Amino acid sequence: MKQFKKLAMAIAGLWCCMTANAHDFEVDGIYYNILTTAKVEITFKGSSYYEYDNEYTGKVEIPESVTYNGKTYSVEGIVEDAFYGCTGLTSITIPANVEYIGAQAFGASLIETVIIEGTPTIQNKAFRGCANLKTVHLNGDDITFENTTGQANCWFCNSESNNPNTSNITFYVKNEIVAEKVKAAMGAEANNTTIIINQ
């Protein structure tokens, strides 16, 4: 019985250590989860997105790859809530190899400028409630807006509420395909949205 108690305590202690930090490592102020031996994703600091305030501030440039403990990983995506509520965040640059941006990844942040170089899947509410968001650059040949909640036009908006779901955002896109997808994603707010196709 004593051995069982000791084993249970050891397991509990190990579990606490494992769950104390949801992120696996940090490099240059960016927090990562290891997905495979070759890939990582961007996450928040700590065990939940609300554990720390403003772990990301200013202009953040996500690298295409990151090296930790002598091993180099490709950055595959951004998890749900990764930058949620980061009121000190002003801009984000996302490289071409990032494949997904999770739901509410930048929600309720005060981000002003978004630059997306590739063709990721953007999940619902990824940039919802970003009161200062004014400019979005979509530089890839295509983009996918994934509706995971059943609520329409919640990918980019300046308000936290769905009614009204207001936006005053200018999109700079690479081609007509992306322009049409942005219009569809913005829904009722499409008439209040400026979309410029880069020449």
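Note: the structure precedes this text.
Since this is a predicted model, take the numbers as computed values, not measurements.

Asker: An account of the nonpolar core is needed here, citing residue identities and associated values.
Answerer: As a rule of thumb, soluble globular proteins bury nonpolar side chains together. Grouped together as the largest cluster of nonpolar side chains are 48 residues, with contacts concentrated most on Ile 78, Phe 83, Ile 101, Phe 106 and Phe 156. For this core, the element with the most residues is helix H2 (residues 176-186), which contributes 5 residues.

Asker: Kindly report on the packing of aromatic side chains, identifying the contributing residues and their values.
Answerer: The final tally for this structure, using the stated rule, is 13 aromatic pairs. Consider the rings of Tyr 49 and Tyr 50, whose centres lie 5.3 Å apart with planes at 80 degrees: the pair is edge-to-face. Plain terms: the ring middles of Phe 145 and Phe 156 are 6.3 Å apart, the flat faces sit at 80 degrees to each other, and that makes the pair edge-to-face. Linking Phe 145 in strand S12 (residues 144-146) with Phe 156 in the loop between S12 and strand S13 (170-173), this pair joins segments that are 11 residues apart in sequence.

Asker: Can you lay out H2 for me, pointing to particular residues and giving the numbers?
Answerer: Every buried residue of H2 is accounted for by Val 178, Ala 179, Val 182, Ala 185 and Met 186. Viewed along the axis of H2, the buried residues span an arc of 125 degrees, placing them on a single side of the element. With respect to the buried face of H2, the exposed residues turned more than 90 degrees away are Ile 177 and Ala 184. For H2, the elements touching its buried residues are strand S11 (135-138), S12, S13 and strand S14 (194-197). Put simply, Asn 175 is the residue that caps the front of H2, since its side-chain oxygen is 3.1 Å from the backbone nitrogen of Ile 177. Where H2 ends, the next residue or the one after it, Gly 187, has phi of about 55 degrees, a positive value.

Asker: Outline the sheet that holds strand S4 (residues 58-61), supporting the account with residue identities and numerical values.
Answerer: Spatially, S4-S7-S9-S11-S13-S14 is the arrangement adopted by the 6 strands of the open sheet, whose pairing is parallel. Two strands in the sheet have a free side with no partner beyond their single neighbour: S4 and S14. Strand after strand, the sheet turns through a mean of 10 degrees between neighbouring axes, direction not considered. Where S4 lies against strand S7 (residues 89-94), 4 bridges are found, and the strand directions are parallel. Pairing of Gly 58 across the sheet is with Leu 89, part of S7.

Asker: Quick one: what's the story with the environment of Thr 135, residue by residue and with numbers?
Answerer: In this fold, Thr 135 is placed in strand S11. For the pair formed by Thr 135 and Ile 169, sequence separation is 34 residues and the distance between their alpha carbons is 5.7 Å. Setting aside its immediate chain neighbours within four residues, Thr 135 contacts Glu 112, Thr 113, Val 114, Ile 169, Thr 170 and Tyr 172.

Asker: Could you give an account of the environment of Ser 91, naming the residues involved and the relevant values?
Answerer: Tracing the backbone shows Ser 91 in strand S7. Note: C-alpha distance between Ser 91 and Gly 58 (33 residues apart in sequence) is 6.6 Å. If near-sequence neighbours (up to four positions away) are discounted, Ser 91 is found in contact with Gly 58, Lys 59, Val 60, Ile 111 and Thr 113.

Asker: Tell me about the pairing of strand S9 (residues 113-116), and please be specific about residues and values.
Answerer: Two faces belong to every sheet, and in a regular strand the side chains alternate between them. Of the two faces of S9, only the one carrying Val 114 and Ile 116 is buried; Thr 113 and Ile 115 on the other face are not. Where S7 and S9 come together, 4 bridges link them in parallel fashion. Pairing of Ile 92 across the sheet is with Val 114, part of S9. Here S9 runs beside S11; their pairing, made up of 4 bridges, is parallel. Bridging from a neighbouring strand, Val 114 pairs with Val 136 of S11.

Conventions adopted
Residues numbered from 1 in each chain as written. Predicted model: local features only at pLDDT ≥ 70, side-chain atom pairs only at ≥ 80, totals over all residues. Heavy atoms only, no water. Core = buried A, V, L, I, M, F, W, Y, C linked by side-chain atoms within 4.5 Å. Buried < 20%, exposed > 50% of the residue type's maximum accessible area, 1.4 Å probe, protein only. Helix = DSSP H or I, 4+ residues; strand = E, 2+ residues; numbered from the N terminus. Phe/Tyr/Trp six-rings, centres within 6.5 Å; stacked < 30°, edge-to-face > 60°. Arc of directions from axis to C-beta. Contact = heavy atoms within 4.5 Å. Polar contact = N/O pair within 3.5 Å; in protein donor to acceptor, adjacent residues only side chain to side chain. Pairing = 2+ DSSP bridges. Axes fitted to C-alpha atoms, helices over the stretch in contact; angles between N-to-C directions.

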